[in-house]
Every structure is written in C-alpha cells, then in structure tokens.
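# Summary of the model geometry
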Amino acid sequence: MHAHYGAGGDGGGGRRAAPLQGDAGLYFLGALHELVAVGLHRPALDALCAGQRDLAEPPIDRAYLLKILDEEICRQFGHPLRPLIELVLNAADAARAPQPVVDIAVTDGRVEVSDAGAGMGLRAILSRLLIPFATDKRPGIDLGRFGVGFFSVLGLGLSDPESFSMHLTTGDGVEGWAIRVVAWPSAGDPCSAPAPAAEELGHARGRASPELTAALMCSVRRIAPLLGTRVRVASALLDAATVRAYLRDALHFFPASRALVLLDGAAVNDGRLISGGQLIQERVAVAPEPPSATAREARPRLAEERDDALSARFHVGGRGLLPSISAATFHAGVKVDACLALAELALIDFPAAVELTEGRDALKVGPEFTAVATAFYRRLIELAAASGEGRRARDRLAEMAAQISALMLQSAGWDEVALDLARALLGPGRCMVTPERREALLGFLGPSVAERLFVPESFWAEREWQPHLPGERELLEDELEVDAPETLSALARRRIDLAGLPLLAARATSPHTTMVALCRSRLQPDRGAGAAAARRAPGTPPLPDAPGRRPAGPLPCLGTRRLLLIRDDSAAVRRPSGWSDWYALRAAFDRASGVREADLERDLIVGEPVDGAAFAAPRHGERTSGGEP
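Residues numbered from 1 in each chain as written. Predicted model: local features only at pLDDT ≥ 70, side-chain atom pairs only at ≥ 80, totals over all residues. Heavy atoms only, no water.

The helix and strand tally for the protein chain stands at 24 helices and 22 strands. The contacts in the protein chain between residues at least 6 apart in sequence include a share of 71% that link residues at least 24 apart. Surface exposure of the protein chain reaches about 29300 Å², of which carbon and sulfur atoms provide 54%. (Helix = DSSP H or I, 4+ residues; strand = E, 2+ residues; numbered from the N terminus. Contact = heavy atoms within 4.5 Å. Areas by Shrake-Rupley, 256 points an atom, 1.4 Å probe, with all protein chains shown as cover.)

If you want it as structure tokens, here you go:
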C-alpha cells in the first residue's frame, strides 16, 4: 500500500535510520492520502519525523479522508487557473524581507512560483501544508485564509492526469525537503512504480473523483538545507499565453508593499500596467456592534489590528495597457469579478476584514463589504466635485457607478447612496429614459428637453438607476399639459380647427377605438409676463404658440403604454401644408401606433406617395375608415 523510509538525519526527531540502497534521503513513498493520514495521527507523525522506517497504521477512515480531500482538491475555485494565485499568495505570506519578491516563471505546460521567505521543515509540511484547514495564517494580516491552496493545485492533476506533476522544494534554513506529487506513477521515475497500461488510464478517466484522488502518488525526500520555497506545476492544461494573461489580470493591482510580483522577470504590480487615473487609500468606517463581555476583555491590540484590516484602496479613471486587464474588484490582490462593460479602469482592493465566500471565489456581502462599496461611491462624488467636469463627464461617472454596483459590488450599499450620487452627478430634474426611446422623446418634446434626459448605456446601469430616478412618465407629466383621453374619431369631429386630425383618422385602422389625448407644452413658471399672457379662460381652446411654452418638436405623435399623444401645438396637426408635414404626420402616427420600423420604411418606399392628394382630408359628411361620420 505505501512505504516509509528513514534516512539522512533525524528530520526533527532523534533517531537515525540507515537508508536503502539508491534511496538516500527518501522518507515517504506512496499515496498522498496516506501521507495526510500520517500527518493527522500524532504517533505516526512523530515516528516519520524521527526517521523511523516502519510506521504504525494510522487509525483513520480512509473513505472519509478521501471524500474530504476530493472536496478540497476539486471544489475550491470556479476559475481553473485560480489555484496558481494561491501559490503566489502563499509565497507573499512567507516573505519576510523589507521588499519581498515573488518570482513566477511561465512556459508552455509549466508554471514555477518561488520566494526566498520562511520555508518549512518536515513537521510543518506534514502538520500544516498537507492538512486541510490546518493553517497558521493570521486573520487580517496574512493573505491566505483556509490552508487549502496546496490541495487546490492538485485539481490540475485530476483534469489531465497523464501530464500532471507538482514538485515542491522548501526549507527553513536548517532543513531542506522535496515533495513530488503525480496523478499516478509514471514510467522512468526512480521513485515510482510501473505505469498502468493505456487501457487502464482510459478507464481511470471515467472513475469517480475520489478514486482519482486516491491515485495521487507522493514522495518526500530530504535535500540540502535551503531557505525559501519553490513550487513547480506541470500540466498540458497550462498554456503559457493564457496563464500570463490571467496572472497579469489578477495580480497587477496586488499591493507592491506586500510583495513585488515578477512574471518572467518583469514586475506586474509596480503600476506600469495601469495608465492614468487616481489611486486612493482610505480607512473605511463600519458601524460598531455592541461589544460582548469577551470582546471587552480582549487585549487593546485587537482593535488596532481591526483598524488596519479596514484599509481599502481605490483606483479610478485609468486605462489598462494590456488587453487582458479589465476593470475588476479585488481582495488582498486577488481578482473576484470582472466588469468588462466599463471603458474606465476601476479597481477596488478590499480590506482583509471582508470575508470570502465558502467557494472562495467571491466575497461575502456583509457590513465591511457594504462600507467599502459606499466609500467608493462617495469617492466618485468627491472626484466629480473636485474635477469640475461638465455634464457629459458626470453622466459617464453615473453610468460607471451603476455598472460597478451591478457587475462588481452585487448592489451592496447602492440604495443608501444612489440619491446622493444622483444629486451630485446628474443634477436636479433629470429623468432616465431608455436608448430606444430617446429619439422619439426628443422629436416629440423638442430638443430643449435634451438636458433633462439621462440615457444609460447598458442594461446594468438602467437596472440600478431605475428605482431611484424619475422616468418617461414623470417627464411627460412635467413637460406637458394633457387633456382627457377620447377616441380619435370623436376628437377629429370635436376639434375641426385641427386640420391634421382627419388625416390621422383616415390613417388609423380603427379610429373609433383608438384612444388619443391632445397635449401641449406646459407653461414655464419662470417666464413671467409670457406665462401670464398665455393664460386662458376655462372652456376656451388653448393657445399652443403663446409665450411661456417650449416649442414643439418635429414629431406630432408619441405612443405610450396607455394611449397615443397628439400635440395640438404642432404645425403639422394644426395646419398641415406640404410634403414635410404629411410625412411627419404619417411617420409619427405609424410609429406611435406600434408599426415596426422595417414595415414603416417599406411602406414609405413602395406605398402610396407622400403628398397632399394622398392624405386629403375627408369632406364634411364623409365617413372615415372606422365607419363613423
């Protein structure tokens, strides 16, 4: 099943054992889960560290152990290359120099991560590295949390077992150790058993995942003393260009104060991969919770550590120099989610107090997470106020803030700050309309209303802003005076002074059931004497062209959800003359009635001519197409 050999030193114990011929320094050879069982069983752990050749069988349920290991190997992260980031974080945590350096070397089929920090002796390897969740990471200080990064890398072995191997060398300055893991023994390895036949390998691919986990083989050797750790992962799945792009994307905002990351000798987190923008570091305030008795008795330093753990970084307004870098949220230098819809590069480095989800690919939305999101939005307000940019730039900031909320920050803190953002970035009186309605509203209300429109560029921004901004209905109510609804045929009979209405009634498929309402620009209260001159007595026709009203747009009709609006202050409705008025009536009415744009254009090209004869108003006493006089 497995073999244990003692050799070349005490390995942390006192007894020395003679090595076998050709196996100098070999301490263990066998299944990886058997080595984990040794690390979990204190007597076996002490015996192996003492270099004993024969070990007692650890009394551990192997089926349950394989189930746990399989979960940690196969279900850690969503992105297949994310385990490589774990190696970088572990190297950064181990570094102790004033300016730590983590070296990453990438070639096709291989990635190597090394550091010159505090390595491990055999006991640390067996009791911490190889035991899931047996981590010595310090919350709020170290980057790692769960002690499962080593196992997550082994998932590459289960995805493509034939090409996988992992070789780790580490030492604390006194000892040096080498660990090699393969998916199953490979031919030509002096520390391996004969390779299975090809048909057996094919059969292995179809086996259950715990069985593949059981096929991971491991050897542990003593080597010359060294300081630091180097992990080399080999797999046919590691395409060099893809790995480099992913590492740049995930690590370019990693704090250089924690470690300078070199990718093939070139720094990726020294700021050269980010162009322009502004970097802000901020202490985030979180509403305090009532302290418990235990918290009151805690040492004062815990409060200081928590303050340090609530330091966030924001980078806003720059652009990535490489195509692989996108706007993203980060936690301790690790990419959480990408926001590809943004042209601007907006980066957020969450403080260590923000917790990771169980899947460890994302962050938990809690008080600390929400506080960071709110602080980021308020920074956008400050940047807009300080820059003094115009309305177009502020609209872009509003778009960016909403996209970040929807795509990056899971809408955390958005409701609390959205109204403040709207006042600061959009200004008063702004209404949100969709891109497909913008032209119709401008044509119906006139170009003077353009300053009131906020048109989101993306679905995500529209979704985030919709609950917090007035929309098209509020805009129409504010801009127009609207009469009571009635049928188109009845309106054409009642308002014989509007010569364009009979033309619309003749155009309608069923004018006696088509509900319409006359409307006109609302009096502007700030026009003074003009507004007073435009007042009319009850029951008298309105004066649409009186001073104090906004001029009508070129489109006389607009379709809404409830009815069709017709402007009685439009020249085409009041006194149509010439082909331009006929065209405006026909096209605007068809669009407002829901005719598809393709059908409208085809009708204009191959249909009846757009001239006065084609749209001659019915004479008094003639019937319309709806059958009413």
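Turning our attention to the packing of helix 1 (residues 32–40) against helix 3 (residues 62–74). Each packed pair of helices is defined by two parameters, the angle between the axes and the distance between the axes. Relative orientation of the contacting elements helix 1 and helix 3 amounts to 105°, with a least axis distance of 11 Å. Relative to helix 3, the element helix 1 lies roughly perpendicular. Judged by residue contacts, His33, Glu34, Val36, Ala37 and Leu40 of helix 1 engage Arg62, Leu65, Leu66 and Leu69 from helix 3. Looking at the contact of helix 1 with helix 3 residue by residue, the classes come out as six nonpolar, one polar and two charged. (Axes fitted to C-alpha atoms, helices over the stretch in contact; angles between N-to-C directions. Parallel < 35°, antiparallel > 145°, perpendicular 65-115°, else oblique. Nonpolar A, V, L, I, M, F, W, Y, C, P; charged D, E, K, R; others polar.)

Reading across the sheet, the five strands line up as 11-12-15-13-14 and stay open at both edges, with mixed pairing between neighbours. The open sheet has two edge strands with one neighbour each: strand 11 (274–283) and strand 14 (334–338). Shown here is a sheet whose adjacent strand axes are inclined to one another by a mean of 20°, direction ignored. On the sheet, helix 13 (residues 367–387) packs against strand 11, strand 12 (311–320) and strand 15 (345–350) and is oriented at approximately 50° with respect to strand 12. (Pairing = 2+ DSSP bridges.)

The next point concerns helix 1. Among the nine residues of helix 1, eight are classified as buried, and the element is accordingly described as predominantly covered. Considered for burial, the residues of helix 1 that qualify are Leu32, His33, Glu34, Leu35, Val36, Ala37, Val38 and Gly39. (Buried < 20%, exposed > 50% of the residue type's maximum accessible area, 1.4 Å probe, protein only.)

Positive phi values are uncommon outside glycine, yet Asp264 reaches one of about 55°. In this structure Asp264 comes out as partly exposed when scored by relative accessible area, which is 39%. One non-glycine residue, Ser411, adopts positive backbone phi at about 65°. Under the relative-accessibility criterion, Ser411 is labelled partly exposed at 29%.

Of all the six residues making up strand 6 (residues 177–182), five are buried; the element is thus mostly covered by neighbouring parts of the structure. Both strand 5 (residues 165–172) and strand 6 contribute to a ladder of six bridges, which runs antiparallel. Among the inter-strand pairings, Leu168 is bridged to a residue of strand 6, identified as Ile179. In this antiparallel pair of consecutive strands, strand 5 and strand 6, the connection spans four residues, and Gly173 shows a positive phi of 95°. Judged from the six bridges that link them, strand 6 and strand 7 (residues 217–222) form a sheet pairing that is antiparallel.

Formed by 125 residues in total, the largest nonpolar core has its most connected members in Ile104, Leu154, Leu251 and Trp465. Ranked by the residues each element gives to this core, the list is headed by helix 13, at ten residues. Formed by 21 residues, the second largest nonpolar core is a distinct cluster that contains Leu498, Leu501, Leu503 and Ala588. (Core = buried A, V, L, I, M, F, W, Y, C linked by side-chain atoms within 4.5 Å.)

All right, on to the pattern of salt bridges then. Under the criterion given, the structure shown has 34 salt bridges. Its salt-bridge partner being Asp420, residue Arg378 comes within 3.1 Å of it at the nearest N-O pair. With Arg378 in helix 13 and Asp420 in helix 15 (residues 414–426), this pair connects stretches of sequence that are 42 residues apart. Residue classification places Asp420 among the partly exposed residues on the basis of a relative accessible area of 26%. (Salt bridge = Lys/Arg side-chain N within 4 Å of Asp/Glu carboxyl O.)

With respect to the helices and strands, Glu175 occurs in the loop between strand 5 and strand 6. Here Glu175 is buried and forms no salt bridge, its nearest opposite-charge partner Arg222 lying at an N-O distance of 4.8 Å. (Lys, Arg positive; Asp, Glu negative; His and termini not counted.)

The residue His167 is located in strand 5 in this model. Spatially, the C-alpha atoms of His167 and Cys218 are 9.8 Å apart, while their sequence positions differ by 51 residues. In this view, His167 contacts Ala178, Ile179, Arg180, Arg230, Val231 and Arg232; residues no more than four positions away in its chain are not counted.

By the secondary structure assignment, His79 is in the loop between helix 3 and helix 4 (82–94). Judged by its relative accessible area of 36%, His79 is partly exposed. A sequence separation of 282 residues divides His79 from Asp361, and the C-alpha atoms of the two residues are 8.1 Å apart. Sequence-distant contacts of His79, that is, excluding residues within four places in its chain, are made with Tyr246 and Asp361.

Okay, the confidence of the model for the protein chain next. On average, the protein chain scores 78 in pLDDT, and the residues at 70 or more come to 77%. Predicted confidence for residues 133–147 stays below pLDDT 50, and this span has 39 contacts to residues more than four positions away or in other chains. Scored below 50 in pLDDT, residues 185–208 shows 25 contacts in the model against residues more than four places distant or in partner chains. (pLDDT = per-residue confidence, 0-100.)

Between helix 13 and helix 15, the least distance of the axes is 10 Å, while the angle of their chain directions is 10°. In this view, helix 13 runs roughly parallel relative to helix 15, as classed from their interaxial angle. In this structure, helix 13 contributes Tyr377, Arg378, Leu380, Ile381 and Ala384 to the contact, and helix 15 contributes Trp414, Glu416, Val417, Asp420, Leu421, Ala424 and Leu425. Of the residues assigned to the contact of helix 13 with helix 15, the class counts are nine nonpolar, no polar and three charged.

Here we take up the state of the cysteines. Summed over the entire model, instances satisfying the criterion amount to zero disulfides. Cys557 provides the cysteine sulfur closest to Cys519, a residue in no disulfide bond, and the two sulfurs are 9.1 Å apart. Relative accessible area serves as the criterion here: at 0%, Cys519 is assigned to the buried category. (Disulfide = S-S within 2.5 Å.)

If you walk through the whole model with that rule in mind, you get eight aromatic pairs. An angle of 15° between the planes, with centres 4.9 Å apart, marks the rings of Phe350 and Phe369 as stacked. Residue Phe350 is located in strand 15, and its partner Phe369 is located in helix 13; the two are separated by 19 residues in the primary sequence. In this structure, Phe350 and Phe369 share a single accessibility class: buried. Between Tyr377 and Trp414, the aromatic rings sit 5.4 Å apart at their centres with planes inclined by 80°, giving edge-to-face as the arrangement. Placement of Tyr377 in helix 13 and of Trp414 in helix 15 is noted, with a sequence separation of 37 residues between them. Residue classification places Tyr377 among the buried residues on the basis of a relative accessible area of 0%. Look at Trp414 and you get buried, because its relative accessible area is 1%. Among the aromatic side chains, those forming a connected cluster through ring pairs are Phe314, Phe376, Tyr377, Trp414, Phe454 and Trp465. (Phe/Tyr/Trp six-rings, centres within 6.5 Å; stacked < 30°, edge-to-face > 60°.)

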